[in-house]
Each structure stands twice: as structure tokens, then as C-alpha cells.
Amino acid sequence: MIFEQVATGGCQSYLIGCNETCIAAVIDPEVRQIERYKALAAHHGVRIRYVIDTHTHADHFSAAKPLSQQLGVPAVAHRLSPAPYPTMRVDEGDVIKVGNVRLAVLHTPGHTRDAMCLVANDRVFTGDTLLIGATGRTDLPSGDPDQLYDSLFGKLLKLDPQLKIYPAHDYKGHTCSTIEEELASNPRLQKKDRAAFVEMMRTLSLSMPEHLTEALRVNMSGGVSVAQLLNEAAAEVPFMSMDEVRAQAEAGANDLIVLDVREKEAFDAGHIPGAAHLPRGLLELRVNEALPDPTVRIVAYCDYGKISTLATATLRRMGFTRAVALDGGMKAWREKGFPVEPAAN
Ligand SMILES: [Fe+2]
């Protein structure tokens, strides 16, 4: 069996595969690791055949949709997943055949309604149902401490105590544990009485995860995060250094339009000498009058280099094939002491 654990901060994801058939699955993929999963699969000589989410994640961005689309393979989730993109919905008792490795589905609601654990040979992928030294929280959307009690004490903890557990999160540097170890030492599992367990889960005061609303929006809809949108735009456009823009501006180059895409107030307060102004929000509306020559070289800039990257991608899509984005923004430009117009008092 092929097995790799990939951590992204506290998020744990896994590549599990079958040597004989060269087929693999990725469990709980994180969007920043897409190339790593593909590289690991290539390294082991296997093809990723399934992309599986153990539940709807609220604290990180799932790669299930983009990875499954890139590879042309099913995105797998429990049938109760609210996301529209899973193309293979599974239920309690189903088995996902990863070549000769079988992943048996246990529906384990509690952390979320759609939570599942996957049992494979000597191990179980517990998602956020059971963590090392903790359990998943039950205070996020569709969480329910009563259901978590049943999923743990009525199902997961009744499995073979020797099974290794691999959770979707670990913030303390652990990589693996066993059911036996967790039964003995996991503080939350010491509350074996339902009412005490539920009371404990209800009174945990946990801070909300970072990016909660954005992660739920992306994971439940299959949309993209702001960071992904920016990364995709940045991958489509070339950049020009601030030194180069300054040199060209000072040489009075007349074949380069320095385009400020910020709002009017920001432009009026100080811009790169000689810059033209076309706010990002009006780009598509005014582009025909403002930039009649599609062969012109354009370098777009904003305050931090993000909006200008989006603007440059839009310009290129519209046919301005020589548009580039400033590698930096007005903030960094000022910090370098480069000339600003009108001159600061
Ligand atoms: Fe979770």
C-alpha cells in the first residue's frame, strides 16, 4: 500500500494507493497542495482515481473540485454534502475500491452532518470526527454533539482498537495514533456518559476558525477563494519590475502606458509620473475610448499589486496582449522613494 501524509499548517491530507494496480485516492486535499499530490502520485507511479472529502470543511479550502476536474476523476463526498460538485456520493457501508485497497465508508455525523470516516486495512481516516487528543468541534454549521456522541461511542470507537487513526487535523505535530491510545488518553473520550459529553462539547469556548465564511462559501458552492482568483490571474500575466517602470518613465518612453487602476481619490493623491488613470471598476466600460490601440504596451498598477493583476488579466483577455502588471504597487513605490506626481508637500 502507498501512503503519504501531507500537512498544510494543521490540516492533514493523505494519498493512499495500491501498488499492484497503480491507482490512488487523495483524502481531504487542500487547495495549495494540488501540485504536490500530483507529484507524489507520479513519484509512486500511481494515478489518482478519486478525490475524497471526509466532510464539508469550514477552516480550509478543499481542492476536491479543482483537483477532480483537472484529473477528470470523481469528487467523492457523503450523500448529505451540501456542495453541488461531488460526482460520486457515498453512504454508510459503501466501499470505494482504490485498486486493491478498499475504503469502507462510515457515516459519522456530529462535527458536520455529512462527516464520514474511511476504514482501510489497518487504519481509519477519521476526518474531524476523532482527532489525536481531541474530537472535532460541534458548534459550526450542521454540528451536533449528540450525533458526535453516537458516531464516536456507538460506531468509531467500537472498531478494532489496534486501528491507526489519521485525522483531518492536528495542530501539535502528531501524525498518527490508534483507537486504543485515544480511548485511554484522549481527554474528551473520558466523558463516556452522553449527557456529560454533550455538556462538555456545548461549553467548549473555541475561537472561530480563520476564513470561516469564505471557506464555507467556497467548499459548499465549489466557487473560488479570493486568493485563488488572484493566483489564477497572476499565473496568466507577466510582471514588470518597479525599477524598469521608473527607468522607462524617466526615459520618457512613449510606447508604454503606465495605467493607474485605483480609485480617483488615490490617483489624485499621488501617482507614478505620467500615468494614465482608468479605475478597475470602470475598466471594461471605458477601455475602448481610453485604450484604442490594442498593440500598445501597458503596465497596470494599484496600491498593493493585487487589483492590478486582475486588471491585467482582464486586459489580456480583451486582446491587449502586451499588458503586464507592476511587480509591486504604489505603496512599495513610495517606500522606495521613487518619484510621485504631484510631488508630495
Ligand atoms: Fe472540519
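Quick caveat: nothing in here was measured; it's all calculated off a predicted structure. (Residues numbered from 1 in each chain as written. Predicted model: local features only at pLDDT ≥ 70, side-chain atom pairs only at ≥ 80, totals over all residues.)

Some details on the overall build of the protein
Looking only at helices and strands, the protein has 12 helices and 19 strands in total. Its C-alpha atoms give the protein a radius of gyration of 26 Å, more than 25% over the compact-globule value 20 Å for 345 residues. Taken along its principal axes, the extent of the C-alpha atoms in the protein is 75 × 50 × 35 Å. A total of 345 residues make up the protein; the buried ones form 41% of that total. Long-range contacts, defined as pairs at least 24 residues apart, comprise 60% of the intrachain contacts of the protein with a sequence gap of at least 6. (Helix = DSSP H or I, 4+ residues; strand = E, 2+ residues; numbered from the N terminus. Rg over C-alpha atoms; globule rule 2.2 N^0.38 Å. Buried ≥ 20, exposed ≤ 12 C-beta atoms within 10 Å, placed from the backbone. Contact = placed C-beta atoms within 7 Å.)

Details of the domain arrangement of the protein
Segmentation of the protein into domains returns domain 1 (2–223) and domain 2 (228–335). Computed from C-alpha coordinates alone, the two centres of domain 1 and domain 2 are separated by 43 Å. (Domains from an automatic or database assignment.)

Examining the packing of helix H7 (residues 226–236) against helix H11 (residues 307–317)
Where H7 contacts H11, the axes come no closer than 9 Å and their chain directions differ by 55°. As far as their axial angle goes, H11 and H7 are oblique. Considering how the two elements wind past one another, H7 and H11 form a crossing that is left-handed. Touching Leu 230, Ala 233, Ala 234 and Glu 236 of H7 are Thr 309, Leu 310, Ala 313 and Arg 316, all from H11. Looking at the contact of H7 with H11 residue by residue, the classes come out as five nonpolar, one polar and two charged. (Axes fitted to C-alpha atoms, helices over the stretch in contact; angles between N-to-C directions. Parallel < 35°, antiparallel > 145°, perpendicular 65-115°, else oblique. Left-handed = near helix turned anticlockwise from the far one by under 90°. Nonpolar A, V, L, I, M, F, W, Y, C, P; charged D, E, K, R; others polar.)

Concerning the sheet that holds strand E14 (residues 177–178)
An order of E7-E8-E9-E10-E13-E14 is seen for the six strands of this open sheet, with the pairing classed as mixed. Across the chains shown, the open sheet's two edge strands, defined by having one partner strand only, are strand E7 (95–98) and E14. Bridge count for strand E13 (residues 164–167) against E14 is two bridges, and the pairing is antiparallel. Within the sheet, the bridge partner assigned to Lys 164 lies in E14 and is Thr 178. (Pairing = 2+ DSSP bridges.)

Quick look at the sheet that holds strand E18 (residues 297–301)
Spatially, five strands are ordered E15-E19-E18-E16-E17 in an open sheet, and the strand pairing comes out parallel. This sheet does not close on itself; its edge strands, each paired only once, are strand E15 (239–240) and strand E17 (276–277). In this sheet, E17 lies alongside strand E16 (residues 256–260) in parallel orientation, the contact comprising two bridges. Among the inter-strand pairings, Leu 259 is bridged to a residue of E17, identified as Ala 276. The sheet strands contacting helix H8 (residues 242–250) are E15, E16, E18 and strand E19 (323–326), and the helix crosses E16 at an angle near 120°.

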